[in-house]
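Single-letter residue listing:
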Amino acid sequence: MKIDLTDAGDFDAIDRRILSELQMDGRITNVELARRAGISAPPCLRRVRRLEESGLIRGYHAETDAGKLGWSITFFVIVGLDSQKEAVLSGFERTVAQWDEVRECHMIRGGGDFLLRVVARDAAHENILTQRLTGIAEVSRVQTLQTIRTSKNQPGVPI
């Protein structure tokens, strides 16, 4: 059972500091995290575990350099479907969830049904992915927006 810290009033300034520090550096040691949060290490570790159990911390990952790994293109796709019935929406989500190149899928309001963030190895690969999207029976419109550069990519949310 997950604990809702925000409703329980157990989410305080120290928890916010811990979350803020972990968003910036998920590999920080517990001792350093405790120092930055202004508490000792054992209660810091208990707080981190409680934040994990509550679902406020959903996991940890390494931020990789897509270009150095051969993924030179990042593009966004606005997808319009020919129906907004839940079965169609869910079916589309299940389909693109299986594509490794689709890194994010957001249902949106205004101007389309979904916004995808997609990575491709090169322009030919981008074209193949776009053709796969337009080939989905329920897809009525696809608009691709290729990034030129990313000047800000901040993890997490303001805390």
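Our subject is the structure that appears above.
Quick summary incoming for the structure in this document. Please read all numbers here as calculations on a predicted model, not as lab measurements.

Looking at the sheet that holds strand 1 (residues 73–81)
Argument step 1. Pairing within the open sheet is antiparallel, and its four strands lie in the order 2-3-1-4. If you trace the sheet from one side to the other, it starts and ends with strand 2 (102–107) and strand 4 (139–146), each paired once. Each adjacent strand pair in this sheet contributes to an overall mean axis angle of 20 degrees, direction not counted.
Argument step 2. The pairing of strand 1 with strand 4 spans seven bridges and is classified as antiparallel. If you follow glycine 80 over to strand 4, its bridge partner there is arginine 141.

Brief notes about the side chain of glutamate 101
Argument step 1. Mapping glutamate 101 onto the fold places it in the loop between helix 5 (86–97) and strand 2.
Argument step 2. Notably, glutamate 101 is buried but unbridged: the nearest opposite-charge side chain belongs to arginine 132, and the N-O separation is 4.1 Å.
Argument step 3. Separated by 3.2 Å, the side chains of glutamate 101 and histidine 125 make a polar contact.
Argument step 4. With near-sequence residues (within four places) excluded, glutamate 101 lies in contact with Trp71, Arg117, Val118, Val119, His125, Leu129 and Arg132.

A look at the pattern of salt bridges
Argument step 1. Under the counting rule described, the total for this entry stands at eight salt bridges.
Argument step 2. The partner of arginine 47 in a salt bridge is aspartate 12, and the shortest N-O contact between them spans 2.9 Å. Pair noted here: arginine 47 is in helix 4 (residues 41–54) and aspartate 12 is in the loop between helix 1 (5–8) and helix 2 (13–24), with a separation of 35 residues, a long-range link.
Argument step 3. Close ionic contact of glutamate 32 with arginine 35 constitutes a salt bridge, the shortest N to O distance being 2.5 Å. Here glutamate 32 pairs with arginine 35, and both are found in helix 3 (residues 30–37), just three residues apart, close to one helical turn.
Argument step 4. In this structure glutamate 32 comes out as partly exposed when scored by relative accessible area, which is 23%.
Argument step 5. The exposure class assigned to arginine 35 is exposed, which follows from its relative accessible area of 55%.

Some thoughts on the packing of aromatic side chains
Argument step 1. The tally for this structure, following the rule as stated, stands at one aromatic pair.
Argument step 2. Where phenylalanine 92 meets phenylalanine 114, the ring centres are 4.8 Å apart and the plane angle is 35 degrees; that geometry is what we call tilted. Of this pair, phenylalanine 92 sits in helix 5 while phenylalanine 114 sits in strand 3 (residues 114–120), placing them 22 residues apart in sequence.
Argument step 3. Residue phenylalanine 92 is classed as buried on the basis of its relative accessible area, which comes to 4%.
Argument step 4. Over the ring of tryptophan 71 we find arginine 121, and its NZ or CZ is 3.9 Å from the ring centre.
Argument step 5. Just above the ring of tryptophan 99 sits the side chain of arginine 132; from NZ or CZ to the centre is 3.9 Å.

Things to note about the packing of helix 2 against helix 4
Helix-helix packing is described using two parameters, namely the angle between the two axes and the distance between the axes.
Argument step 1. Between helix 2 and helix 4, the least distance of the axes is 11 Å, while the angle of their chain directions is 80 degrees. On the basis of the axis angle, helix 2 is roughly perpendicular to helix 4. On helix 4, the residues touching Ile14, Asp15, Ile18, Leu19 and Leu22 of helix 2 are Cys44, Arg47, Val48, Arg50 and Leu51.
Argument step 2. Its residues assigned to classes, the contact of helix 2 with helix 4 comprises seven nonpolar, no polar and three charged.

About the criteria used
Residues numbered from 1 in each chain as written. Predicted model: local features only at pLDDT ≥ 70, side-chain atom pairs only at ≥ 80, totals over all residues. Heavy atoms only, no water. Pairing = 2+ DSSP bridges. Helix = DSSP H or I, 4+ residues; strand = E, 2+ residues; numbered from the N terminus. Axes fitted to C-alpha atoms, helices over the stretch in contact; angles between N-to-C directions. Buried < 20%, exposed > 50% of the residue type's maximum accessible area, 1.4 Å probe, protein only. Lys, Arg positive; Asp, Glu negative; His and termini not counted. Salt bridge = Lys/Arg side-chain N within 4 Å of Asp/Glu carboxyl O. Polar contact = N/O pair within 3.5 Å; in protein donor to acceptor, adjacent residues only side chain to side chain. Contact = heavy atoms within 4.5 Å. Phe/Tyr/Trp six-rings, centres within 6.5 Å; stacked < 30°, edge-to-face > 60°. Lys NZ or Arg CZ within 6 Å of the ring centre and 35° of its normal. Parallel < 35°, antiparallel > 145°, perpendicular 65-115°, else oblique. Nonpolar A, V, L, I, M, F, W, Y, C, P; charged D, E, K, R; others polar.

All quantities given are derived from atomic positions and should not be read as evidence of function.
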